[in-house]
Amino acid sequence: MSSRPVPLIPPRLRAILVRVPFLVPIVRFVRKSSSKDSHLLIALVVVSLLIGVLGVQISTRWFSPSLLILVTLVAGLQLRLRSLMILLVAVAASVTYLGVTYGARQVGPGYLLTMAFTVVLAGLMSRTRGTLGVQGLRGDAMLLELRDRLKRQSELPSFPKAWGGKVVLKQAGGSSFGGDFVVSMREGTRVELAVVDVSGKGVDAGTRALLLSGTFGGLLGSVDDFLGACNAYLRRQREGEGFVTAVHLSLDLATGAYEITSAGHPPVVRFDSSTGTWRVSAAKGVVLGVVPDLACEPDRGILRKGDALMLYTDGLIEQPGRDIDAGLDRLLGEAERLLPGGFSKSARQLVNSMSSGHNDDCALVLIWRP
């Protein structure tokens, strides 16, 4: 035997509320909906009206008109725009009631200006959330989840004891999002990774980096010509949104043999333990998404014990008013000074040292054989 649903507003209470002119739209809206938004709307409307009534009947010391500002902010964070407009009717009624009773003592020009600013802010927040199709703070939670996913994707796969790896990412302005990212995978003894630099910096480039990290991560290890597949994908996009550079490393952990291909990216450098010097890789190519056929000149070699490879983005070597070659020389000088103390411990110090004095996204990947 099915039970009848309990009405959200009891009939007797509804009959009383409809006698108040400005409450008629609220009652009609609530009768059409039983969502969480409507329940919160009812609660906030009741609170708003109680603040006005109790502030007059008891004391504004306990029921200050300033509480209506907090109610409006909560509504901007939680309610839909239509519900917010209905709530503002109740807020305006309470403010008017308090203003008529106390005058400028409680509801003066300063208070009205603050309330008007709060209403505009709440409307903007509600409109933005409505455009995104999320309610409450879910939009912020989604951004945090995307940020954490991007960070997890930039982590290197596990290496055997005979190998070591380190990734350091630093976004411009201390932002959680940046245009530099790393994708990597390991299958057996084969490790593939790519360091990608999206034009722009900070949050502006972060949204595109989030999209490309998923695409490039899916292509990595699935196609023979990784950079060629990335170039074809970018060429299929309807509108260009700036250039993308990338460098791809394929490494055999059993033999130490590696192959480097680059698409407009700063050159990879290799540390030769036999001479104690850094050598610049000869791999080069055109930036992604510009030409239909991407012709890359690869660089091949073998990493022996004590050797290392360093992949990075131009944020480490590019500074305003300075030549890139000068920045590369400075990077190699800092590497010779810091990295002998241990690749893992000195990687973060190297990024901080090279990025000081300018504001740009930076990424560094170190692969070495102890």
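These lines cover the structure that appears in this document, whether it is placed above or below. Note that the structure is predicted; figures quoted are calculated from it, not measured.

**Quick word on the packing of aromatic side chains**
Okay, step 1: Evaluated as defined, the whole model comprises three aromatic pairs.
Okay, step 2: Arranged with centres 6.2 Å apart and planes meeting at 80°, the rings of Phe-216 and Phe-226 form a pair that is edge-to-face. Taken as a pair, Phe-216 in helix 8 (residues 202-219) and Phe-226 in helix 9 (residues 226-236) lie far apart in primary sequence, 10 residues in all.
Okay, step 3: By relative accessible area, Phe-226 is classed as buried at 1%.
Okay, step 4: Each ring, one from Phe-271 and one from Trp-278, has its centre 5.2 Å from the other, and the planes form 50°; the classification is tilted.
Okay, step 5: Judged by relative accessible area, Phe-271 falls into the buried class, the value being 18%.
Okay, step 6: Ring-pair connections join several aromatic residues into one group, and the members of that group are Phe-181, Phe-216 and Phe-226.

**Thoughts on the environment of Lys-151**
Okay, step 1: Mapped onto the secondary structure, Lys-151 falls in helix 7 (residues 138-153).
Okay, step 2: Spatially, the C-alpha atoms of Lys-151 and Leu-169 are 8.9 Å apart, while their sequence positions differ by 18 residues.

**Notes on helix 4 (residues 67-78)**
Okay, step 1: Given a rise of 1.5 Å per residue, 12 residues ought to cover 16 Å, and the 17 Å separating the end C-alpha atoms of helix 4 matches this to within 8%.
Okay, step 2: When helix 4 is considered as a whole, its buried residues turn out to be Leu-68, Ile-69, Val-71, Thr-72, Ala-75 and Gly-76. Burial along helix 4 is one-sided: seen end-on, the buried residues are contained in an arc of 160°.

**Topic: the nonpolar core**
Okay, step 1: The biggest cluster of nonpolar side chains holds 24 residues, and the ones touching the most others in it are Trp-278, Met-310, Tyr-312, Leu-316, Leu-331, Phe-343 and Leu-364.
Okay, step 2: Every element with two or more residues in this core is listed here: strand 6 (269-272), strand 9 (308-312), helix 10 (324-338), helix 11 (343-355) and strand 10 (362-368).
Okay, step 3: Beyond its immediate sequence surroundings of up to four residues, Tyr-312 is in contact with Val-195, His-265, Pro-266, Pro-267, Val-269, Ile-317, Leu-328, Leu-331, Ala-363 and Leu-364.
Okay, step 4: Among the nonpolar cores identified, the runner-up in size contains 23 residues, and Ile-51, Leu-84, Leu-98 and Tyr-102 belong to it.

**What about the packing of helix 4 against helix 5 (residues 81-102)?**
Two measures define how a pair of helices packs: the angle their axes make with one another and the distance between the axes.
Okay, step 1: With their axes 11 Å apart at the nearest point, helix 4 and helix 5 run at an angle of 180° to one another. Of the possible angle classes, the one that applies to helix 4 and helix 5 is roughly antiparallel. Between helix 4 and helix 5, the residues in contact are Leu-68, Val-71, Thr-72, Ala-75 and Gly-76 and Leu-84, Leu-87, Leu-88, Val-91, Ser-94 and Val-95, respectively.

**Quick word on the sheet that holds strand 3 (residues 190-198)**
Whether parallel or antiparallel, the strands of a sheet pair through hydrogen bonds between backbone atoms.
Okay, step 1: The strand order across the open sheet formed by five strands is 2-3-4-5-8, and the pairing between neighbours is antiparallel. Looking at the sheet topology across the chains shown, the edges are occupied by strand 2 (180-187) and strand 8 (299-302). Averaged over all adjacent pairs, the angle separating strand axes in this sheet is 15°, with direction ignored.
Okay, step 2: Pairing of strand 5 (residues 257-263) with strand 8 involves four bridges; the strand directions are antiparallel. The partner of Glu-259 across the bridge, within strand 8, is Arg-300.

About the cut-offs
Residues numbered from 1 in each chain as written. Predicted model: local features only at pLDDT ≥ 70, side-chain atom pairs only at ≥ 80, totals over all residues. Heavy atoms only, no water. Phe/Tyr/Trp six-rings, centres within 6.5 Å; stacked < 30°, edge-to-face > 60°. Helix = DSSP H or I, 4+ residues; strand = E, 2+ residues; numbered from the N terminus. Buried < 20%, exposed > 50% of the residue type's maximum accessible area, 1.4 Å probe, protein only. Expected span 1.5 Å × (residues − 1). Arc of directions from axis to C-beta. Core = buried A, V, L, I, M, F, W, Y, C linked by side-chain atoms within 4.5 Å. Contact = heavy atoms within 4.5 Å. Axes fitted to C-alpha atoms, helices over the stretch in contact; angles between N-to-C directions. Parallel < 35°, antiparallel > 145°, perpendicular 65-115°, else oblique. Pairing = 2+ DSSP bridges.

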